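Examination of the molecular architecture
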Amino acid sequence: MATWSAPGKVFLFGEHAVVFGKPGIAMAIKPRVYVTVRRSRNPARVNSPYIEGCFEETGVTGSVYIHSQLPSSSGLGSSAAVTVATLSAINDEFGLGLGRSDIASIAYKIEKKAQRGRASPTDTFVSTYGGLVLIKDGKRRRLPPENFNLVIGNTLVSHKTSELVAMVGEFRMSNPLVVDPILDAIEAVTLRSMHNFHDLKLLGRYMDVNHALLEALGVGHPALSKLVSASRAAGAYGAKMTGAGGGGCMIALCPKRSKSKVAGAIEAADGKAIITTIDTDGARKEDEYGRTDYLKTRR
Ligand code: MEV
């Protein structure tokens, strides 16, 4: 039996623009998905295309038990975390010898198939490696970790990433003169933010700008605006939607002392708050009680 876990993710800057080759910054976050795999002759009977994909890709059979701290379909990368944790547990239980880069690329392939062609390579990369990740020129690399105090606000409004990505694509095709400058401005904000991780007030301001630019792309939602405004009024340095928008989640960058107040404001505005920070581990082995087994975790 092998238990592995993998974290969720948020986009700090640059979502949607990355689809058009612009840079972005994503971060692994503390809530995780825990998956236990046990070798068994009888194939697991699951109705998840992600879990099925993991067994199909590796050609083994086993039973699986999942415990998730991440809300699903909310833009926090829960399907990537399930896929990465399941593959890692299968790899361990069956001694397949896959490394992290294999896990990240097979997980992406599985996500792509399960989501009928469109998936985010960022989600599976961030969940596998953890930490702060820069997406640039179509590649992903880890940046030195930063201990940002974040509060996530889940609107509980469901959204479809593929539809929102397609909608922005169509808007760009029909209105390049309007949309290209918005994407350029998102790029500028992302690149400037990278040089200002130490200046939390400025970083918060950049989040506010990025939020406005995403709204200009048409992926805003009244429930997101409500949580973003509530967070700012409660003392956040800045706040923005994170991920595809149209519902899903927002993030607020907060002074340490204001985290609870911001979380309270999000809840009072009908959102579900998660106080969190960076997760630097990525996929990791747990013992059978769900405790981290650092000695056996291979990077
Ligand atoms: C979704 O979490 C982020 C998007 O930029 C899509 C992607 O990066 O694949 C909207």
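Please read these numbers as outputs of a predicted model, since none were measured by experiment. (Residues numbered from 1 in each chain as written. Predicted model: local features only at pLDDT ≥ 70, side-chain atom pairs only at ≥ 80, totals over all residues. Heavy atoms only, no water.)

1. Here we look at helix H7 (residues 200-217)
Residues lying three or four places apart along an α-helix face the same way, a consequence of the helix completing one turn every 3.6 residues. Threshold: The helix count covers DSSP runs of H or I at least four residues long, the strand count covers runs of E at least two residues long, and both are numbered beginning at the N terminus. A helix is expected to span 1.5 Å for every residue after the first. Type-normalised accessible area, obtained with a 1.4 Å probe on protein chains alone, sets the label of each residue: buried when under 20%, exposed when over 50%, and partly exposed for intermediate values. Any two residues whose heavy atoms approach within 4.5 Å at even a single point are treated as in contact.
The terminal C-alpha atoms of H7, which comprises 18 residues, lie 25 Å apart, in line with the 26 Å expected from a rise of 1.5 Å per residue. Buried within H7 we find Leu203, Gly204, Tyr206, Met207, Asn210, His211, Leu213, Leu214 and Leu217. Packed against the buried residues of H7 are strand E1 (2-13), helix H5 (161-174), helix H6 (176-194), helix H8 (222-233), strand E7 (238-242) and strand E8 (249-253). Among the residues trailing H7, Gly218 stands out with phi positive, at a value near 100°.

2. Points about the pattern of salt bridges
Heads up, the rule is: When a carboxyl oxygen of Asp or Glu lies within 4 Å of a side-chain nitrogen of Lys or Arg, that pair is called a salt bridge.
Scanning all chains against the criterion turns up 13 salt bridges. Two residues, Asp92 and Lys285, come together in a salt bridge whose shortest N-O distance is 2.5 Å. Of this pair, Asp92 sits in helix H2 (residues 78-93) while Lys285 sits in strand E10 (residues 284-286), placing them 193 residues apart in sequence. Classification of Asp92 by relative accessible area gives partly exposed; the value is 29%. Close ionic contact of Asp270 with Lys226 constitutes a salt bridge, the shortest N to O distance being 2.8 Å. One end of the pair, Asp270, is in the loop between helix H9 (259-268) and strand E9 (272-276); the other, Lys226, is in helix H8, and 44 residues separate them in sequence. Within the structure, one salt-bridge network assembled from shared partners comprises Lys22, Asp184 and Glu187.

3. A short note on the site of the ligand
Here is the rule we go by: Put simply, a residue is near a molecule or strand once any heavy atom of it comes within 4 Å of that molecule or strand. Pairs of N or O atoms are called polar contacts if they sit within 3.5 Å, as long as, within protein, a hydrogen donor faces a hydrogen acceptor (for residues adjacent in sequence, only side-chain-to-side-chain pairs). What sets the accessible areas is the Shrake-Rupley method with a 1.4 Å probe; for residues, cover comes only from the shown protein chains.
All residues adjacent to the ligand are Lys9, Phe11, Glu15, His16, Val18, Val19, Arg118, Ser120, Val165, Gly243 and Ala244. His16 has a polar backbone atom sitting 2.8 Å from an oxygen atom of the ligand. Within the side chain of Arg118, an N or O atom sits 2.9 Å from an oxygen atom of the ligand. Contact with the protein chains hides 95% of the accessible area of the ligand, taken as 300 Å² for the molecule alone.

4. As for the packing of H6 against H7
Between two packed helices, both the angle of their axes relative to each other and the distance between the axes serve to describe the pair. Our working definition: Orientation is described by axes fitted as lines to C-alpha atoms, over the contacting stretch for helices, and by angles from 0 to 180 degrees between their N-to-C directions. An angle counts as roughly parallel when it lies under 35 degrees, as roughly antiparallel when it exceeds 145, as roughly perpendicular when it falls between 65 and 115, and as oblique in every other case. Left-handed is the label given to a crossing in which the near helix is rotated counterclockwise from the far helix by less than a right angle, and right-handed is the label when the rotation is clockwise. The classification used treats Ala, Val, Leu, Ile, Met, Phe, Trp, Tyr, Cys and Pro as nonpolar, Asp, Glu, Lys and Arg as charged, and all other residues, Gly among them, as polar.
Running from N to C, H6 and H7 cross one another at 160°; their axes reach a closest spacing of 10 Å. When the axis of H6 is compared with that of H7, the two are roughly antiparallel. As H6 runs across H7, the sense of the crossing is left-handed. Counted together, Val179, Ile182, Leu183, Ala185, Ile186, Val189, Arg192 and Ser193 of H6 and Leu203, Tyr206, Val209, Asn210, Leu213, Leu214, Ala216 and Leu217 of H7 form the full contact between these two elements. Taken together, the residues of the contact of H6 with H7 break down into 13 nonpolar, two polar and one charged.

5. As for the domain arrangement of the protein chain
Note the cut-off: Note that domain bounds follow an automatic or database assignment of domains. Summed over both partners, the accessible area lost on bringing two parts together, with a 1.4 Å probe, is the buried area.
Considered domain by domain, the protein chain is made up of domain 1 (2-145) and domain 2 (150-276). Using C-alpha coordinates to define each centre, domain 1 is positioned 23 Å away from domain 2. Facing the 28 residues of domain 1 at the interface are 38 residues of domain 2. With both sides pooled, the region where domain 1 packs onto domain 2 buries about 2,600 Å², and carbon together with sulfur makes up 75% of that total. Ranking the residues of domain 1 by area buried against domain 2 places Phe13, His16 and Phe20 at the top, with a combined share of 28%. At the surface where domain 1 touches domain 2, the tally comes to three salt bridges. Note that Glu187 is salt-bridged to Lys22, the shortest N-O span being 3.1 Å. Viewed at the interface, domain 2 and domain 1 are joined by 11 residue pairs in polar contact (both at pLDDT 80 or more). Contributions of two or more residues to the side of domain 1 that touches domain 2 are made by E1, strand E2 (24-39) and strand E4 (132-136). Here the element with the most residues in the side of domain 1 that touches domain 2 is E2; it accounts for six residues.

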